[in-house]
Amino acid sequence: MANRLFFAVPVPRSQQLPLLRLQTQLEGAGRPVLASNFHITLAFLGNVCAAAQQQLLQRWQGLSLPPCQLSLNQLQLWPKAQVLALTSNECPTPLYQLAGALQRDAAKHGLHQSQHGFRPHLTLFRGAQQSPLATQHLQQPILINCNEVQLMISEQTPAGVSYQPIKRWQCYE
Ligand code: 3AM
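Residues numbered from 1 in each chain as written. Predicted model: local features only at pLDDT ≥ 70, side-chain atom pairs only at ≥ 80, totals over all residues. Heavy atoms only, no water.

Those residues of helix α2 (residues 50-59) that sit buried are Ala52, Gln53 and Leu56. Relative to the axis of α2, the buried residues are bounded by an arc of 105° and lie together on one face. Looking at α2, the residues exposed on the side facing more than 90 degrees away from the buried face are Ala50, Gln54 and Gln58. Lining the buried residues of α2 we find β1 (2-10), β3 (39-49), α3 (93-108), β8 (148-157) and β9 (160-170). (Buried < 20%, exposed > 50% of the residue type's maximum accessible area, 1.4 Å probe, protein only. Helix = DSSP H or I, 4+ residues; strand = E, 2+ residues; numbered from the N terminus. Arc of directions from axis to C-beta. Contact = heavy atoms within 4.5 Å.)

As a further point, take the confidence of the model for the chain. Residue-level pLDDT values for the chain average 95, and 99% of them are 70 or greater. Two summary scores accompany this predicted model of the complex, namely pTM at 0.96 and ipTM at 0.92. (pLDDT = per-residue confidence, 0-100.)

Let us now look at the nonpolar core. Counting 47 residues, the largest nonpolar core has Phe7, Leu42 and Leu124 as its most contacted members. Filtering out sequence-adjacent residues up to four positions away, Leu42 remains in contact with Phe7, Ala8, Val9, Leu95, Leu98, Ala99, Leu102, Gln103, Phe118 and Val149. (Core = buried A, V, L, I, M, F, W, Y, C linked by side-chain atoms within 4.5 Å.)

A separate point is the site of the ligand. In the neighbourhood of the ligand, the contacting residues comprise Arg4, Phe6, His39, Thr41, Phe44, His112, His121, Thr123 and Arg126. One nitrogen or oxygen atom from the side chain of Thr41 is found 2.7 Å from an oxygen atom belonging to the ligand. When the ligand sits alone it has 480 Å² of accessible area, and the protein chains cover 69% of it. More than half of the atoms of the ligand fall within 2 Å of the grid points belonging to the largest pocket. When its residues are assigned to classes, the shell around the ligand shows two nonpolar, five polar and two charged. (Near = heavy atom within 4 Å. Polar contact = N/O pair within 3.5 Å; in protein donor to acceptor, adjacent residues only side chain to side chain. Areas by Shrake-Rupley, 256 points an atom, 1.4 Å probe, with all protein chains shown as cover. 1 Å grid on protein atoms, 1.4 Å probe; cavity = no way out; pocket = protein on both sides within 12 Å on 5 of 7 lines; lining within 4 Å. Sits in = over half its atoms within 2 Å of the grid points. Nonpolar A, V, L, I, M, F, W, Y, C, P; charged D, E, K, R; others polar.)

Strand order in the open sheet formed by four strands is β3-β1-β8-β9, with antiparallel pairing between adjacent strands. Across the chains shown, the open sheet's two edge strands, defined by having one partner strand only, are β3 and β9. Ignoring which end each strand starts from, the neighbouring axes of this sheet average 25° apart. Of the pairings in the sheet, the one linking β1 to β8 comprises four bridges and is antiparallel in character. Considered in β8, the bridge of Phe6 is made with Met152. Relative to the sheet, α2 contacts β1, β3, β8 and β9, its axis offset from that of β3 by approximately 135°. Taken strand by strand, α3 contacts β1, β3 and β8, and its axis lies near 15° from that of β3. (Pairing = 2+ DSSP bridges. Axes fitted to C-alpha atoms, helices over the stretch in contact; angles between N-to-C directions.)

Below, the structure written as structure tokens:
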């Protein structure tokens, strides 16, 4: 059996309010992502069989990321993916390096090969066809404290997509 996996930084409940407010402001843009599903994807891995999952966990046993902060300040519509996302034009170096290393590791081991480099973003709406805001630039950036990295399973359920962490790495100084 294979699991659809990705590495992500979750957005804890204490940081969800400004994102929920923005979703309300953008109501009608598409299907809002549930707050419990808010995350920053570092690397998408695709379908991974049990043996490859075990090897992946062994390789990344010592995964580490110092606590860092991501400032999300741009609203972007990605028409092909029909995603309305909050993005950033300044990414903390350790986060950028970790995402790159995870993506390269996936490609090297026959998992998903990313078509483009890491684009830090947080998906707010799916099925989005247009952005309701005239300006892309947020006056007040939304700050995300990166305190944890998770390896997540993505599952389709009748109630929608569900993300379950199978491994967590806390960020330490
Ligand atoms: O919520 P975001 O957009 O950050 O877009 C998918 C989602 O990230 C991404 O993996 C995360 C969990 O589903 N994803 C799904 N399929 C993908 C693919 N084929 C993909 N990323 C790249 N290529």
